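# Chains, contacts and geometry: an overview
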Amino acid sequence: MSVICSGCGENITNVCLNAFGMTWHPTCICCNVCGKDFNDGSRLHEGDDGYAYCAKDYQDSFSVKCASCHGSIVGPCLEALGKKWHPDHFMCTTCKVVLSGQYFSTDDGLPYCERHYYEAMGLICAECEKPIVSLKCVPFGQKKYHPEHFKCTYCKTSLVGQPVQKQNEKPYCKKCHISLFG
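Residues numbered from 1 in each chain as written. Predicted model: local features only at pLDDT ≥ 70, side-chain atom pairs only at ≥ 80, totals over all residues. Heavy atoms only, no water.

A word on a nonpolar patch on the surface. The grouping of Tyr154, Leu180 and Phe181 at the surface amounts to a nonpolar patch, some 310 Å² of accessible area in total. Position of Tyr154 relative to the elements: it lies in the loop between β12 (143–145) and β13 (165–167). On the basis of relative accessible area, Tyr154 is assigned to the exposed category, the value being 56%. (Patch = residues over 30% accessible without salt bridge, like charges linked within 9 Å, V, L, I, M, F, W, Y side chains within 5 Å. Areas by Shrake-Rupley, 256 points an atom, 1.4 Å probe, with all protein chains shown as cover. Salt bridge = Lys/Arg side-chain N within 4 Å of Asp/Glu carboxyl O. Helix = DSSP H or I, 4+ residues; strand = E, 2+ residues; numbered from the N terminus. Buried < 20%, exposed > 50% of the residue type's maximum accessible area, 1.4 Å probe, protein only.)

Written as structure tokens, this is what we have:
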């Protein structure tokens with residue numbers, strides 16, 4: 001009984017490939033992406049879409065992709081923020097430190113370490129440069145302060161609940177502002 005190639009309809013006398021429940025000459029079935037045939041003995045992969053693929057194009061076409069590098073994920077996969085990542089590519093968007101435990105995200109859908117999350121949200125105290133984690137915050141121009149750090153730039157008196165004067169984007173009490181800037 002002769003075996004017929006599903007591609008060309010001729011008898012197969014030598015090497016025969018079985019794919020998609022049919023028989024093929026290795027030169028009569030090609031990768032759907034690069035067009036490479038399988039005459040060199042390389043493995044044919046049957047795609048979920050019903051087409052043949054070489055190993056590289058099968059992986060590129062059907063594997064899970066990393067949200068950071070867009071490369072195929074083979075092995076451990078981390079799922080966070082509705083995306084999949086190589087574990088060593090899940091890092092703070094700003095400082096690039098790998099995030100292995102706690103992480104934060106803003107409306108941009110990107111991961112941040114705690115420090116850079118508060119920075120992205122504009123919640124870093126202009127005086128101590130630490131995150132403002134409570135709802136207590138004193139806005140002043142484009143800056144924000146912990147209440148205990150909102151002080152006159154010159155005499156260091158607390159300005160919470162006091163009249164504030166601005167000079168070069170810095171807060172001053174009325175007395176110091178008059179004596180320094182007239």
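Inspection of every chain in the model, using the stated rule, returns 10 aromatic pairs. Aromatic side chains Tyr58 and Phe62 sit 5.2 Å apart centroid to centroid with 40 degrees between the ring planes, which places their arrangement in the tilted category. Remark: Phe62 and Tyr58 occur in helix α1 (residues 55–62); sequence separation between them is four residues, near one turn of the helix. Ring geometry for Tyr117 against Tyr118: centres 5.1 Å apart, planes inclined by 75 degrees, an arrangement best described as edge-to-face. By relative accessible area, Tyr117 is classed as buried at 18%. A residue is classified by how much of its surface remains accessible, and Tyr118, at 12% relative accessible area, is buried. (Phe/Tyr/Trp six-rings, centres within 6.5 Å; stacked < 30°, edge-to-face > 60°.)

Our next topic: the pattern of salt bridges. Going through the model one piece at a time under the given rule, you end up with five salt bridges. The shortest N-O distance in the salt bridge between Lys36 and Asp40 comes to 3.2 Å. Residue classification places Lys36 among the partly exposed positions, given a relative accessible area of 27%. What makes Asp40 exposed here is its relative accessible area of 55%. The residue Glu169 makes a salt bridge to Lys166 at a minimum N-O spacing of 3.8 Å. On the basis of relative accessibility, which here comes to 42%, the residue Glu169 falls in the partly exposed class.

These figures capture arrangement, not role.
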